[in-house]
Amino acid sequence: VAAAEVAFEVREYTSGKLRAGVPIRIENSWGDIRIRKSDRTGVVEITAAIQRIGPDWPGQPRIQMGDSGGKFSASVEFPDGWVRDDARNARVDLMVMVPAGHPMDLVTLDGIIEAKKTAGPVFARSGSGAITVINNGSIRAVSESGRVQVRPMFPRWGEVELSSSS
């Protein structure tokens, strides 16, 4: 059996100016999302770890970023509408630095979600990945079959809603 062909690269992306308090949505159907608070005001910085696995590479992924409908969003997309399937021939893990205080909406299919010290409300959803949130804002974390963990940073930290089916 021949070894699978694997290639790895890291790319960095920076948003344009972000308005104060605008909600931030990060969607990644291709891997993990890790969120950390940045000291840079009004800018979202994304580092994407891109893995090509096997010969059926779908092409270079894009990180689509934009501000519309009163929120900033970023998502991982491949050319020609290529959709993830069980072949698992690509993976993109995101490390996202966000300014403090923005509401966060984080979505992945089966990747890990970690959000630490964002100083704003966090809503995290994963189909089967683990979710960990350490924050001083309200938290809603839902995983259909992954572990869900939260830890407050202060005694008075807002509402919490947690859910995991298994």
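Structural data are supplied above this passage.
Notes on the structure in this doc start here. (Residues numbered from 1 in each chain as written. Predicted model: local features only at pLDDT ≥ 70, side-chain atom pairs only at ≥ 80, totals over all residues. Heavy atoms only, no water.)

### Let's talk about the pairing of strand β4 (residues 45-53)
Here is step 1 of the chain: Bridge count between strand β1 (residues 6-14) and β4: 9 bridges; the pairing is antiparallel. Bridge pairing in β4 links V6 to I53.
Here is step 2 of the chain: Bridge count between β4 and strand β7 (residues 90-99): 8 bridges; the pairing is antiparallel. Across the sheet, residue I50 finds its bridge partner in β7, namely V92. (Pairing = 2+ DSSP bridges. Helix = DSSP H or I, 4+ residues; strand = E, 2+ residues; numbered from the N terminus.)

### Some remarks on the sheet that holds β1
The strands that make up a sheet are held in pairs by hydrogen bonds between backbone atoms, and each pair lies either parallel or antiparallel.
Here is step 1 of the chain: Taken together, 7 strands build an open sheet; the order of strands is β1-β4-β7-β3-β9-β11-β13 and the sheet is mixed. Taken across any chain shown, the strands that pair with only one partner, and hence form the sheet edges, are β1 and β13 (148-152). Taken over all neighbouring pairs, the strand axes of this sheet differ in orientation by 10 degrees on average, direction set aside. (Axes fitted to C-alpha atoms, helices over the stretch in contact; angles between N-to-C directions.)

### With respect to the environment of S126
Here is step 1 of the chain: Here S126 is to be found in strand β10 (residues 122-126).
Here is step 2 of the chain: Relative accessible area serves as the criterion here: at 5%, S126 is assigned to the buried category.
Here is step 3 of the chain: In contact with S126, other than residues within four places in its own chain, are T108, L109, D110, G111, I113, I131, V142, S143 and E144.
Here is step 4 of the chain: A distance of 3.1 Å separates a polar side-chain atom of S126 from the backbone oxygen of G111. (Buried < 20%, exposed > 50% of the residue type's maximum accessible area, 1.4 Å probe, protein only. Contact = heavy atoms within 4.5 Å. Polar contact = N/O pair within 3.5 Å; in protein donor to acceptor, adjacent residues only side chain to side chain.)

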